[in-house]
Amino acid sequence: MSIMYSAVQPSGNLTIGNYIGAVRNWVRLQSEYDCFYAIADMHAITVRQDPAELRRRTLELAALYIACGVDPEKCALYVQSHVSAHAELCWILNTLTYVGEASRMTQFKDKSRNHADNVNMGLMDYPVLMAADILLYQADHVPVGADQKQHVELARDLAERFNSRYGETFKVPQPLIVQGEARICSLQDPSKKMSKSDENPNASVFLSDDRDTIIRKFKRAVTDSDNRIAADAEKPGITNLLNIYCAFKGCTMSEAEGSFAGMGYGDFKLAVGETVADVLAPIQAEKQRLLQEKDVLASVLNAGAERAFKAARKTLSKVYRKVGFWRE
Ligand code: TYM
């Protein structure tokens, strides 16, 4: 069975971008692949986190994954820091990564700008840790949003570099990016991706937003002065709303355009908001229910870490042998 690896950081409230671009695809893929899905807490601390909040969000993210349909019986669902092999392989891969290539990563440059008072080594090392995550499990595919493509490409380069220096060790992974869903944009500035950390509260729809908030945010979404509901490069706001609608409704772009033909922007935005709120309501209720059962969540995460540890240890032992670390 092919292997799938992906992760989300517990660094803020998840947005519908994270859901559409990542978590929802995980659910689709979990029956066909051997899946490892992680809560990337080690990545999260590359920007400052409040420790108590980080702990709370980690458990909340586990509940949310399951509420979205991730089935811990079908995949290894675990917390990254529970498997120390991630940090260990990251160290080895650091010795194969050039400072120049790490400093050229788009996300590193963006985050350095946004967190100018905390441009730490971890921030630069972020994609190398991500490569370690992926390569440890010999993943074939990595389902991510478009913003992570460059990082998966670095993982491919590092796998090939290691293999050519030390002999065949890592599988070379492929990013899995679904067109139309891979980049959900800000509702206030459709040239930017929707982000957990946007300062404008109307820019992002969070999975935790209640129905009224969701509808209000969609009503305020930036559109244009034209009154045509169509996917068009000249109409990024409308195209983004249509992408969101298709993703949540499960329809094609032409079906969506057909059903909104002749409708005004106000009614269109309301319909998108209602569709999103309808899908999120049962997920939110299930997340709350799961959070009441912290012991069950803890045992799911422990079992996931054990399963992940077994797979990771196999790769790491091989890597240690290949690089020449002595062991009796
Ligand atoms: P994070 O938490 O920033 O994002 C989690 C996932 O959500 C996708 N995403 C989006 N997709 C569509 N539209 C958006 N507006 C949007 N915003 C975010 C991201 O592409 C990502 O797939 N570095 C990863 C976490 C990670 C990881 C890994 C992923 C750590 N190790 C190994 C894959 C493999 C990240 O971006 O997290």
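Rules and cut-offs
- Residues numbered from 1 in each chain as written.
- Predicted model: local features only at pLDDT ≥ 70, side-chain atom pairs only at ≥ 80, totals over all residues.
- Heavy atoms only, no water.
- Helix = DSSP H or I, 4+ residues; strand = E, 2+ residues; numbered from the N terminus.
- Rg over C-alpha atoms; globule rule 2.2 N^0.38 Å.
- Buried < 20%, exposed > 50% of the residue type's maximum accessible area, 1.4 Å probe, protein only.
- Areas by Shrake-Rupley, 256 points an atom, 1.4 Å probe, with all protein chains shown as cover.
- Contact = heavy atoms within 4.5 Å.
- 1 Å grid on protein atoms, 1.4 Å probe; cavity = no way out; pocket = protein on both sides within 12 Å on 5 of 7 lines; lining within 4 Å.
- Points joined across faces, edges and corners; volume = space filled by probe spheres on them.
- Domains from an automatic or database assignment.
- Buried area = accessible area lost by both parts, 1.4 Å probe.
- Salt bridge = Lys/Arg side-chain N within 4 Å of Asp/Glu carboxyl O.
- Polar contact = N/O pair within 3.5 Å; in protein donor to acceptor, adjacent residues only side chain to side chain.
- Nonpolar A, V, L, I, M, F, W, Y, C, P; charged D, E, K, R; others polar.

Attention now goes to the overall build of the protein chain. A tally of helices and strands in the protein chain yields 13 helices and 5 strands. For 328 residues, the compact-globule formula gives about 20 Å, and the C-alpha radius of gyration of the protein chain, at 21 Å, lands near that figure. For the protein chain, the spread of C-alpha atoms along the principal axes amounts to about 75 × 45 × 40 Å. Per-residue burial for the protein chain yields a buried fraction of 52% across its 328 residues. Counting every atom, the protein chain has about 15,300 Å² of accessible surface; 50% of that belongs to carbon and sulfur.

Let us look at helix α9 (residues 211–219). Taken together, the buried positions of α9 are Thr213, Ile214, Ile215, Lys217 and Phe218. Of the surrounding secondary structure, the elements contacted by the buried residues of α9 are α1 (16–29), α10 (236–249) and α12 (265–291).

Taking a probe equal in size to a water molecule and rolling it over the atoms shows the remaining empty space. In the structure shown here, the tally under the stated rule is 2 cavities of 30 Å³ or more. Considered as a void within the structure, the largest cavity measures approximately 120 Å³ in volume. Taken together, Pro10, Gly12, Asn13, Leu14, Arg57, Glu60, Leu61, Leu64, Leu207, Ser208 and Lys287 form the lining of the largest cavity. Considering every element that reaches the lining of the largest cavity, the biggest residue donor is helix α3 (residues 51–67), with 4 residues. Of the volumes computed, that of the second largest cavity is approximately 40 Å³.

On to the layout of surface pockets. Quantified by volume, the largest pocket comes out at close to 1,500 Å³. Looking at the largest pocket, it is lined by 50 residues, and the ones nearest its centre are Gln107, Lys111, Asp147, Lys193 and Ser195. The set of elements that each furnish at least two residues to the lining of the largest pocket consists of β1 (3–8), α1, α2 (41–44), α6 (106–114), α7 (121–136), β4 (141–143) and α8 (149–166). By residue number, the principal contributor to the lining of the largest pocket is α6, which donates 5 residues.

Moving on to the domain arrangement of the protein chain. One can read the domain layout of the protein chain as domain 1 (3–177 + 294–323) and domain 2 (211–288). Taking the mean C-alpha position of each, domain 1 and domain 2 sit 31 Å from one another. Taking both sides of the interface into account, the surface hidden between domain 1 and domain 2 amounts to around 800 Å²; carbon and sulfur atoms contribute 79%. Among the residues of domain 1 in contact with domain 2, Ile16, Tyr19 and Ala67 are the three that bury the most area, contributing 53% of the side total. Along the contact surface separating domain 1 from domain 2 lie 1 salt bridge. The salt bridge involving Lys287 is made with Glu60; its shortest N-O contact spans 3.3 Å. On inspection of domain 1 and its partner domain 2, the count reaches 2 residue pairs in polar contact (both at pLDDT 80 or more). Within the residue set of the side of domain 1 that touches domain 2, elements represented by two or more residues are α1 and α3. Each residue belonging to the side of domain 1 that touches domain 2 can be placed in one class, and the counts come to 7 nonpolar, no polar and 2 charged.

It is possible for side chains of opposite charge to pair when their charged atoms get near one another. The full count for this structure, using the stated rule, is 20 salt bridges. Among the ionic pairs, Glu53 bridges to Arg56, the shortest N-O distance being 2.9 Å. Of this pair, Glu53 and Arg56 both sit in helix α3, 3 residues apart, which is roughly one turn of that helix. Look at Glu53 and you get partly exposed, because its relative accessible area is 26%. Owing to a relative accessible area of 39%, Arg56 belongs among the partly exposed residues under this scheme.

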